[in-house]
Amino acid sequence: GAQMNVYQNSVNTFSSLGNVYGIFVNGGTLVNIYQHQNNPSVSANNYSIYGLVSSGANTFSTALRIAGGTTSNVYSNNIYNISNLFSGTFTGLVEGISLTAGTTNTVYNNTIGKLTAPNASSLDAIRGIDVYLATASMTNKIYFNSVYLDAVSIGTNFGTSAVYQVSSATAT
C-alpha cells in the first residue's frame, strides 16, 4: 500500500438510516489524517468533520474510522455534532474517532465534542475515542486530545466514555 494524506477537508451535513462515516480508512502503509498544519493563516474551523446523523437502531455515526493500515496518524482534527436519533433500544454507537485495526495508530491533538444520542438506552452509547479492537500486534498511542461530553438521553441506562478501550489481555 501507499502513503495517503487526508488533510484540510470539510466533511459535513449528511444523514442516513444506515451507518454514517465522515472519513473511513481501510488500508495504506502510512496514513496521515489532519485538518490543519502548523500554519497560523489556516483556521481549524474551516476544516472540520461535523453534522453527521444516523437514525438507525444498530448503526454507527462515526466522524473518523481507522479500519486498516500499517501506520496511521490522526491529529489536529475538529470533530463535533455527530448524532444518532434512533428512539428505542440502541445497540449502535456514536463515535468521534474509532480505531478498529492497524499496526500502529497515533491519535493526538484532536478536539471532539457535541456527540449525541438523545433517545438512546445503552450503557455506552457515545465514545469520544473508541479503541474497539486491541491485539498483541496493535499499538495505539492516544494523547493530548480534548473530548467534551455533555450528552443527555431520555433513555434508561444511558452512558458515555471519553476514551473506550476494549477489554484485552494484550492491549497496548
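You'll find the structure just up there.
Calculation notes
- Residues numbered from 1 in each chain as written.
- Predicted model: local features only at pLDDT ≥ 70, side-chain atom pairs only at ≥ 80, totals over all residues.
- Heavy atoms only, no water.
- Pairing = 2+ DSSP bridges.
- Helix = DSSP H or I, 4+ residues; strand = E, 2+ residues; numbered from the N terminus.
- Axes fitted to C-alpha atoms, helices over the stretch in contact; angles between N-to-C directions.
- Buried < 20%, exposed > 50% of the residue type's maximum accessible area, 1.4 Å probe, protein only.

Please provide a residue-by-residue account of the sheet that holds strand β10 (residues 93-99), values included.
Spatially, β3-β6-β10-β14-β17 is the arrangement adopted by the five strands of the open sheet, whose pairing is parallel. The outermost strands of the open sheet, each flanked by one partner alone, are β3 (20-25) and β17 (160-165). The average undirected angle you get between the axes of adjacent strands in this sheet is 15°. Alignment of β10 against strand β14 (residues 126-131), held across five bridges, turns out to be parallel. Paired with Val94 across the strands is Ile126, a residue of β14.

So, the environment of Ala125: which residues are in play, and what are the values?
Tracing the backbone shows Ala125 in the loop between β13 (120-121) and β14. Its relative accessible area of 0% is what places Ala125 among the buried residues. Taking the C-alpha atoms as reference points, Ala125 and Leu115, ten residues apart in sequence, are found 9.8 Å from one another.

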